[in-house]
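Each chain, written out:
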Amino acid sequence: MSAPPTDAAAPEGGLRALWASPTARVGLGLLGAVALLALAGPLLLAHGPRELVAAPLAAPSAGLPLGANAVGQDLAAQLAAGARTSLAVALLAGAGTVALGGTIGLAAGWFGGTVEAATMRVVDLALVVPRLPLLVLVGAYLGPSAPLIAATIALVFWPGTARIVRAQTRSLRTRAHVRASRGFGAGARHVMRRHLLPELALVLAAALVAAASRAVLLEAGLAFLGLGDPTGASWGRTLRDAIEFSGLFYTPAWQWWLLPPTLAISALLIGLTLTGVGLEGRSNPRTSRHRPGATP
Amino acid sequence: MSLASAPVLDLAGLTVTYPGPPPVRAVDDLDLRLAPGRCLGVLGESGSGKTSLAKALLGLLPEARVEGRLRLAGRDLAGLDEAGWQAVRWRRLALVPQSTASLHPALSIGAQIAEPLRVHEGLARGEASARAAAALEDVGLGAAALERTPEELSGGQRRLALLAMALVLDPEVVVLDEPTAGLDLLSRARVLALLGRIRAAGTALLLITHDLDALRGLADDVAVLYRGWLAERGPAARVLDDPRAPFTWGLANAVPTLGDVKDLRGIRGAPPEPGEVVQGCPFLERCTQAVAACEQRRPPLVAPEGEDGARLVACVRGGRVPVLRARGLAKAYRPRRGGRRRGEVAAVDDVSLEVGEGEAVGLVGPTGAGKSTLGQLLVRLVEPDAGSVELEGRDLLAARGADLAALRRRAQLLFQDPYEALSPRLSVAEAVREPLDVAGVGTPAERDAEVAGVLAEVRLPSSPAFAERRAHELSGGQLQRVALARALVLRPKLLVADESVAMLDPSEQTKLLALLRDLQVERGMAMVVVSHDLAVVLRVADRVVVLDEGRIVEEATGAELLAAPQHPLTAELLAAAGRPGALLGERSLARQAR
Amino acid sequence: MAERRRPAVSAALSGLTLAALVVLVFALPRALPGDPLAALDDPASGVAITDPELRERVLAHYGLDQPLPEQFAGYVGGLATGDLGWSIARNAPVSGLVAAHLPWTLLLMGPALLLSTAASYVLGILAAWHRGRTGDRVALVGLTALRAIPEYVLATLLLIAFAVLLPVLPVGGARTPFAEHGSGLAALADVGAHLVLPLATLTLSLTATLFLLQRHTVVGVLGADHMLLAEAKGLPLRRRQFVHAGRSALLPLLTAVGLQVAFAAQGAVFVEAVFAYPGMGSLLLEAVAARDYPVLEGAFLVLALVVLAVNLLVDLAARWVDPRSAAS
């Protein structure tokens, strides 16, 4: 073929691409900001999230950077505490999803046959079930608590990761270099370690980020619906308190009560998404033939 | 090219450059003309620019710079905008792409074929469908294919569907990119027959392919493309059967065709990467006959000397150069006294022979036909009674002294009997070094290095232990290789192998022939292979000369010889090829009795 | 993405899923520590039912005095006849409550799925075609960000923007309460006005995911051989975009839509919460707050059933679009 590729070669994904991609850098920046908030909160702020420290709907001031809510709680403290909750759930649920989904997907893709078929049936079943209502149901019976939510999220979301990992494993299993390795007599463990895991690492990292996003979404969502941990603090909870306060929009309070948690959730989720985009890389050789906008 | 009518496709100086960095010149200054009802074949390997050419003809290269003249039936296509192209595409110029994945996987065949009818001619669905069905019938697929998706068709059927789709608007020109690639023989035959019919109906075809048999059957003219540049252009029969450009010749030798018994040979070096602009001849690196001038300028397309101008070659040296040109050679022997014969016997009688760069000519005939004599005449180991011999353009017979010595080194003879060819006194190394010593080439150390190199080339050990061996310590096969090494050490351009493999075991014989073939490819060395074994000769030779009683009775390619021998002797030789010695012995005895 | 299965197999799998859920719903209250059902009976717990008639009804529904297999049989039998139990909080049959709330959720989910699919199809093709240019970049960044924003946050933002700051649309509910409308058309308009923001939220949320997928798929298709030939055939731009490029991407899109149905249901719950829209989501949330277990179970099952049914429909549509057995 004499037509050469015309797109400049893009980095293939991976840590280098992560740093090189401006999108990912923005994402990581956002994540860093949220982490900072979570860690710096207790150090810089004088009050806890649940203490009654001011007049209801007090406006922001030196001691109260974000003012107070309808019962007089420090909104800044709630924001920081919420950051900790979100990050913790994100990490726990994300790691759990990936560990569970990754292991099962790898096994399914590697062994094939009945193991694969059976696993994939379970995955298909799980994917069709509406998650939130199920979580609501389970939460109603089991009672809300952050670790429980994280665990339930992992149990609900592993199928998605398993599917991706299985597809990737299957494709890798038939690649020439893997088959060659097996031709040398390499055992499954060696092949997995040398060939599969490095390639899968990328997929798993992307899956981790995706799972973490969903976990954050759900945790805040459940809190928003009133199903979160009543003793803890969550952005969703703050949001819910704000929305449920009738007449919120007749006072200027919505600006420092409703907006900050809204923006914080968005920031965390956008950060995770952009990081995920950066991890997936940009190369797609097939598109080089088509020039965007070449035809008017 | 003389044309009966005005060309429907007229390309002049067509150049396609992809922006870099670095910029890539995929098509370089192409001049082509295609007349209605004719087929122009474009022959080239990957990287030759043929796909860029096809795309440029349809304006499908927005990312490249296309320069030069591009005219369709007199109308200029070069400056067209998108709307202009949409008016031309498919209605006047259609493309049959190489990849059968060009059929949309999710739409039915009928829908895809009807699509141009509906879009360009505004036909209603029913009528377009009927026309599509007719098109499918024309190509031999049948209307049942209307509802099928491409997945349900075989590769050959998909190719036919693409053809039907290209023809549906009855365009003036159809560009085909490798239409026979990947097809089984029956599908291929069907496609080629169809193309023949279309051409006869007046459509012009631009056939881009490296299927030589297809070109022979279908193309009126052939243009040979190398790295975007035209190496040769002319009537198909001439270009394909008597190629003059070194690249064309190399390609023709590399492509297997049914009926050919000759072993395949490649072209040395590697196919080019889509190239940066080069200054001299693009084929320089792979050409075995390159000279200094080839680096400096790009050769223009000119007609070779002595031809009528229908065929043009772009070569600084005017095409493949003749290495050897012998005319009217004659040699007679007086009979020995006391022998039964009276008068003179003409061993060689008015023989003319030409051997080109990298070519192998086989010399066959019964015992006593004069083959060996002729071989020795060609390198002037025996003085002819009459005639001339030109070696690389210089008169061998007129040369004297130092000139003659220098000229002799350009041609070597390899004898039949390896045991006799080497002196029993000399070691291997000494024997192989002798020509270098005589020629006074290089320092002693350099000569030793050269000897080691050439021993490796003929696949003999170059260890000191082996180099010290004497003739009687070696086997027949090894001896012949040493003799070959000795012949090669001066890098001759012509090798006359006189029954050189006759005394070897079959396995050694095969390996030696393979070695010779490699040398042909790597060095462009010409060979004259003298043998009574027709089977061997047919494998090795580009042309075969049949000698009888000192005269050439037939000269043809191996394939032609096998298919239709003209002379009775040739027929006899062929018949006896499985039983060497039987008939031949009878004949020569009969002759001796006269 | 998903493997195509024969319709019978798909239906069978859906049935299997439903069965599994039924079992789950049956088992949960009975299997948990701190038996919630016992709590209904125990005066000391906070959720005991005092009204004796109500108590009878609810306990009969659960059949706690019977052995487990008979409980299950009774439960499944009840489901088959449409008896979803009795609501503790409202003292009314669950099926009636579901019947009243379900249409609103369907009104939200249905159009949202259709609109988001159509919008993603078109926008995805256009963005892929002009990728790298301003329009594409804006769409990419915007919709990626949108995808990151949870439905309730988006709903809140839209609420603030269009119901508070620019008070053009109602703040919540499905209809203006206590309003009398002159004609059917006026009543329809009222419902429509209340539907705008919730529908917009859900549609935007679904489009974000689908658009990104569609764009990615089409970008992959653009370099295909058949696109080059389509251009060679002199076909007009729109045809190449929406028939040749789009068609190849339609199947993965529909497959993704199938997966999105569950997310649409989930999103509907949040949207209904923010806008106080009286659909299944609101029903679920009220039931949770009131510890109204029968309603909780019934509503969940119906919602799951709806999702499975819509999924099957999408599956059939995908099959009609592309009868080949393998997905692209």
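Nothing here was measured: the structure is a model prediction, and the numbers come from that model. (Residues numbered from 1 in each chain as written. Chains lettered and ligands numbered in written order. Predicted model: local features only at pLDDT ≥ 70, side-chain atom pairs only at ≥ 80, totals over all residues.)

## Some details on the overall build of chain B
A count of helices and strands for chain B gives 22 helices and 22 strands. Projected onto its principal axes, the C-alpha positions of chain B cover 100 × 55 × 45 Å. Burial statistics for chain B: of 594 residues in total, 46% are counted as buried. When contacts within chain B are restricted to residue pairs at least 6 apart in sequence, those whose partners lie at least 24 apart make up 67%. (Helix = DSSP H or I, 4+ residues; strand = E, 2+ residues; numbered from the N terminus. Buried ≥ 20, exposed ≤ 12 C-beta atoms within 10 Å, placed from the backbone. Contact = placed C-beta atoms within 7 Å.)

## Regarding the overall build of chain A
A count of helices and strands for chain A gives 11 helices and 0 strands. Element order for chain A, N to C, with α for helix and β for strand: α-α-α-α-α-α-α-α-α-α-α. For chain A, the proportion of its 296 residues judged to be buried stands at 50%. Nonlocal contacts in chain A, meaning residues at least 24 apart in sequence, comprise 72% of its contacts between residues at least 6 apart.

## A short note on the nonpolar core
Ala164(B), Leu206(B), Leu207(B), Val224(B) and Ala299(C) are the most contacted members of the largest nonpolar core, which totals 281 residues. Formed by 76 residues, the second largest nonpolar core is a distinct cluster that contains Ala326(B), Leu378(B), Met525(B) and Val546(B). (Core = buried A, V, L, I, M, F, W, Y, C linked by C-beta atoms within 7 Å.)

## With respect to the packing of helix α3 (residues 75–111) of chain A against helix α8 (residues 188–224) of chain A
All names here are of chain A. As a packed pair, α3 and α8 sit with axes 7 Å apart at the nearest point and diverge in direction by 140°. Between α3 and α8, the angle is such that the two are oblique. Crossing handedness for the pair α3 and α8: right-handed. Classifying every residue of the contact of α3 with α8 gives 16 nonpolar, 6 polar and 1 charged. (Axes fitted to C-alpha atoms, helices over the stretch in contact; angles between N-to-C directions. Parallel < 35°, antiparallel > 145°, perpendicular 65-115°, else oblique. Left-handed = near helix turned anticlockwise from the far one by under 90°. Nonpolar A, V, L, I, M, F, W, Y, C, P; charged D, E, K, R; others polar.)

## Things to note about the confidence of the model for chain A
Interpreting fine coordinate detail is not advised for predicted regions of low pLDDT. Residues and elements named next belong to chain A. On average, residues of chain A score 75 in pLDDT, and 86% of them are at 70 or above. Put simply, helix α1 (residues 15–20) is where chain A has its lowest mean pLDDT, 60, and α3 is where it has its highest, 87. Considering only residues more than four positions removed or in separate chains, one finds that residues 1–13, a stretch of pLDDT under 50, has 34 contacts. (pLDDT = per-residue confidence, 0-100.)

## Some details on the interface of chain C and chain A
Put simply, an interface is often sized by how much accessible area is lost when its parts join up. Counting residues at the interface gives 52 residues for chain C, matched by 41 residues for chain A. The leading source of residues in the side of chain C that touches chain A is helix α10 (residues 237–275) of chain C, at 9 residues. Considering only residue class, the side of chain C that touches chain A consists of 40 nonpolar, 9 polar and 3 charged.

## Looking at unusual backbone geometry
All names here are of chain B. Positive phi, close to 55°, is recorded for aspartate 350, a residue that is not glycine. By secondary structure assignment, the location of aspartate 350 is in strand β14 (residues 345–356). Since 14 C-beta atoms lie within 10 Å of it, aspartate 350 is described here as partly exposed.

## With respect to the environment of Ala402(B)
Within the fold, Ala402(B) resides in helix α12 (residues 401–408). Sequence spacing of Ala402(B) and Ala439(B) is 37 residues, and the spatial spacing of their C-alpha atoms is 9.8 Å.

## Comments concerning the pairing of strand β6 (residues 93–96) of chain B
Residue and element names in this part refer to chain B. Where burial is concerned, the two faces of β6 agree: the one with Leu93 and Leu95 and the one with Ala94 and Val96 are both buried. Pairing analysis gives 4 bridges linking β6 to strand β7 (residues 173–177), with the strands arranged parallel. Within β7, the residue paired with leucine 95 across the bridge is valine 175. (Pairing = 2+ DSSP bridges.)

## What about the confidence of the model for chain B?
With 94% of its residues at a pLDDT of 70 or more, chain B shows a mean pLDDT of 86. Interface confidence in the predicted complex, given as ipTM, is 0.76; pTM for the same model is 0.76.

## Focus: the sheet that holds strand β22 (residues 551–556) of chain B
Residue and element names in this part refer to chain B. Read across the sheet, 6 strands follow the order β18-β19-β20-β15-β21-β22 without closing on themselves; strand pairing throughout is mixed. Edge positions in the open sheet fall to β18 (411–414) and β22, since each of these has one partner strand only. Sheet twist, expressed as the average angle between the axes of neighbouring strands with direction ignored, equals 20°. Where β18 and strand β19 (residues 494–498) come together, 4 bridges link them in parallel fashion. Directly across from leucine 414, in β19, lies its bridge partner alanine 497.

## Let's talk about the sheet that holds strand β9 (residues 221–226) of chain B
Pairing between the strands of a sheet is mediated by backbone hydrogen bonds and can be parallel or antiparallel. All names here are of chain B. Read across the sheet, 8 strands follow the order β6-β7-β8-β3-β9-β10-β12-β11 without closing on themselves; strand pairing throughout is mixed. Strand pairing shows two members of the sheet lacking a second neighbour, β6 and β11 (301–302), which therefore form its edges. Bridge count for β7 against strand β8 (residues 204–208) is 5 bridges, and the pairing is parallel. Within the sheet, the bridge partner assigned to leucine 176 lies in β8 and is leucine 207.

## Focus: the environment of Gln214(C)
All names here are of chain C. Relative to the helices and strands, glutamine 214 resides in helix α8 (residues 184–222). On the basis of neighbour count, glutamine 214 is assigned to the buried category, with 27 C-beta atoms found within 10 Å. Separated by 39 residues in the primary sequence, glutamine 214 and leucine 253 have C-alpha atoms spaced 6.2 Å apart. Sequence-distant contacts of glutamine 214, defined by excluding residues within four places in its chain, comprise Ser120, Tyr121, Gly124, Ala249 and Leu253.

## Here we look at the packing of helix α7 (residues 151–165) of chain C against α8(C)
Residue and element names in this part refer to chain C. α8 packs onto α7 with a crossing angle of 135° between their chain directions and a minimal axis gap of 10 Å. On the basis of the axis angle, α7 is oblique to α8. Where α7 crosses over α8, the handedness of that crossing is right-handed. Residues Glu151, Leu154, Ala155, Leu158, Leu159, Phe162 and Ala163 of α7 lie in contact with α8, whose contacting residues are Leu197, Ala200, Thr201, Leu202, Leu204 and Ser205. Looking at the contact of α7 with α8 residue by residue, the classes come out as 10 nonpolar, 2 polar and 1 charged.

## Some thoughts on helix α3 (residues 109–120) of chain B
One turn of an α-helix holds 3.6 residues; hence residues three or four places apart share an orientation. All names here are of chain B. Between its terminal C-alpha atoms α3 stretches 18 Å, which fits the 16 Å expected from 12 residues at 1.5 Å a residue. Taken as a whole, α3 has its buried residues at Ile109, Gly110, Gln112, Ile113, Ala114, Glu115, Pro116 and Leu117. Packed against the buried residues of α3 are α4 (125–139) and α5 (155–167). (Expected span 1.5 Å × (residues − 1).)

## Structural notes on the environment of Leu160(B)
Residues and elements named next belong to chain B. By the secondary structure assignment, leucine 160 is in helix α5. Residue classification places leucine 160 among the buried residues on the basis of 26 C-beta atoms within 10 Å. In contact with leucine 160, other than residues within four places in its own chain, are Val139, Gly140, Leu141 and Val191.

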